[in-house]
Amino acid sequence: ICRGHSRRTGARSMRYFETETYAEACQLAADIIMEQIQEKPESVLGLATGSTPIGIYDIIAKAVAEGELDVSKLTTFNLDEYVNLPVTDPNSYLYFMKENLFDRIGLSEDAYNIPNGNAPDIEAECARYEEAIKAAGLPIITPMVICNTDAYTTFNTHVGKAVTNADVVIELAK
């Protein structure tokens with residue numbers, strides 16, 4: 001789990017925390033995210049999708065439900081979405097995020113952003129999404145990276161593909 005700023009330049013840098021268990025990592029990451037939201041309610045968060053952050057999202061949802069955290073000014077951006085997968089499909093990242101976080105914390109549709117994998121022109125959608133990120137104001141705060149004992153990462157590591165833009169379409173193996 002990483003967080004921090006460079007004292008010299010003011011730019012974001014990473015601080016690493018090591019925990020013994022998944023539950024401890026989730027609590028630490030949730031605490032960092034909630035502290036960020038409390039310090040700057042209009043934060044723009046970059047959120048991960050998949051099973052790893054579910055524990056983090058559970059803790060945040062509980063804090064919101066108990067009135068300990070206000071997310072009414074929060075904006076989020078997710079990293080990815082499947083192309084040509086209906087958003088009503090349980091495998092869609094939008095579906096996943098609504099079920100695991102957005103609906104649970106009452107985040108309005110205009111506050112969360114996920115690329116439209118069903119856009120008629122995917123290249124134009126990537127450009128639109130990149131502009132939305134820029135318009136939201138940088139930096140986007142991504143206060144969590146959790147690596148398991150296999151120490152793998154999946155974001156922006158597309159073997160054999162040169163990544164030259166922030167938004168790319170990668171064909172997945174079946």
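The structure we're discussing is the one just above.
So, here's what we can say about the structure. All residue numbers here refer to positions counted from 1 along the written sequence of the relevant chain. A pLDDT threshold of at least 70 governs which residues receive local features in this predicted model, and a stricter bar of 80 or more applies before side-chain atom pairs are shown or counted, although totals over entire chains, interfaces and linings include all residues. Only heavy atoms go into the side-chain values, all of them from the structure, while hydrogens and water stay out.

### A few points about the overall build of the protein chain
Along the backbone of the protein chain there are four helices and three strands. Listing every helix and strand of the protein chain by position from the N terminus yields α-β-α-β-α-β-α. Here the term buried applies to any residue with accessible area under 20% of the maximum for its type, exposed to any over 50%, and partly exposed to those in between, with areas from a 1.4 Å probe on protein chains only. For the protein chain, the proportion of its 174 residues judged to be buried stands at 35%. It only takes one pair of heavy atoms within 4.5 Å for two residues to be counted as in contact. Across the protein chain, every contact between residues at least 6 apart in sequence was considered, and the portion connecting residues at least 24 apart equals 70%. Numbering of helices and strands starts at the N terminus; helices are DSSP runs of H or I of at least 4 residues and strands are runs of E of at least 2.

### Considerations on empty space enclosed by the protein
Here a cavity denotes a set of grid points, spaced 1 Å apart and computed over the protein atoms alone, in which a 1.4 Å probe fits but from which it cannot get out, and a pocket denotes an open set meeting protein on both sides within 12 Å along at least five of seven lines; residues with an atom within 4 Å of a point are reported as lining. Grid points are joined across faces, edges and corners, and a volume is the space filled by probe spheres set on the points. Within this structure, the stated rule accounts for one cavity of 30 Å³ or more. Taken as a whole, the largest cavity encloses approximately 60 Å³ of empty space. Ile33, Ile37, Leu45, Leu47, Tyr57, Ile60, Leu74, Thr76, Leu101, Ile105 and Leu107 are the residues that line the largest cavity. Of all the secondary structure elements, the ones that give two or more residues to the lining of the largest cavity are helix H1 (22–39), strand E1 (44–47), helix H2 (54–65) and helix H3 (93–105). Residue type decides the class: Asp, Glu, Lys and Arg count as charged, Ala, Val, Leu, Ile, Met, Phe, Trp, Tyr, Cys and Pro as nonpolar, and the leftover types, Gly among them, as polar. Broken down by class, the residue content of the lining of the largest cavity amounts to 10 nonpolar, one polar and no charged.

### Topic: a negative patch on the surface
Residues Glu99, Asp103, Glu109 and Asp110 make up a contiguous surface patch of negative charge. With respect to the helices, strands and loops of the structure, Glu99 is situated in helix H3. The patches reported here contain residues having more than 30% relative accessible area and no salt bridge. Joining distances are 9 Å for like charges and 5 Å for nonpolar side chains (Val, Leu, Ile, Met, Phe, Trp, Tyr). Surface accessibility follows the Shrake-Rupley procedure with a 1.4 Å probe radius. Residue values consider only the protein chains on display as shielding. Just to be clear on terms, a salt bridge is a Lys or Arg side-chain nitrogen sitting within 4 Å of an Asp or Glu carboxyl oxygen. Counted as positive: Lys and Arg. Counted as negative: Asp and Glu. His and the chain ends are not counted at all. By convention, the charge on Lys lies at NZ, on Arg at CZ, on Asp at CG and on Glu at CD.

### Considerations on H3
Take the residue count of a helix, subtract one, and multiply by 1.5 Å to get its expected span. With 13 residues, H3 extends 17 Å from end C-alpha to end C-alpha; this agrees with the ideal 18 Å at 1.5 Å per step. The axis of H3 is deflected most strongly, by about 50°, at Glu99. Within H3, burial applies to Tyr93, Leu94, Phe96, Met97, Asn100, Leu101, Phe102 and Ile105. In this structure, the buried side of H3 is in contact with E1, H2, strand E2 (75–78) and strand E3 (112–113). Two N or O atoms form a polar contact when they lie within 3.5 Å of each other; inside protein one atom must be a possible hydrogen donor and the other a possible acceptor, and for residues adjacent in sequence the pair counts only when both atoms belong to side chains. Sitting at the amino-terminal end of H3 is Ser92, which places a side-chain oxygen 3.2 Å from the backbone nitrogen of Leu94. Remark: Gly106 follows H3 within two positions and exhibits a positive phi of approximately 70°. Two axes are fitted around each residue, one to the seven residues ending there and one to the seven starting there, and the angle between them is reported as the bend at that residue.

### Regarding the side chain of Glu81
The topology assignment puts Glu81 in the loop between E2 and H3. Comment: no salt bridge for buried Glu81; closest opposite-charge side chain is Lys98, at 11 Å. A distance of 2.9 Å separates a polar side-chain atom of Glu81 from the backbone nitrogen of Tyr93. There is a polar contact of 3.0 Å between the side chain of Glu81 and the backbone nitrogen of Leu94. With residues near it in sequence (within four places) discarded, Glu81 still touches Ser92, Tyr93, Leu94, Ile114, Pro115 and Gly117.

### Concerning the pattern of salt bridges
Going through the model one piece at a time under the given rule, you end up with three salt bridges. The salt bridge involving Glu125 is made with Arg128; its shortest N-O contact spans 2.7 Å. You can see Glu125 and its partner Arg128 sitting in helix H4 (residues 122–136), three residues apart, about one turn around the helix. With relative accessibility at 8%, the residue Glu125 sits in the buried group. Residue Arg128 is classed as partly exposed on the basis of its relative accessible area, which comes to 40%. Between Lys134 and Glu131 there is a salt bridge, with the nearest N and O atoms lying 3.7 Å from each other. Placement of both Lys134 and Glu131 in helix H4 is noted, with a separation of three residues, approximately one turn of the helix. For Lys134, a relative accessible area of 47% translates into the label partly exposed. Judged by relative accessible area, which is 46%, Glu131 ranks as partly exposed.

Worth remembering: the numbers are spatial, not functional.
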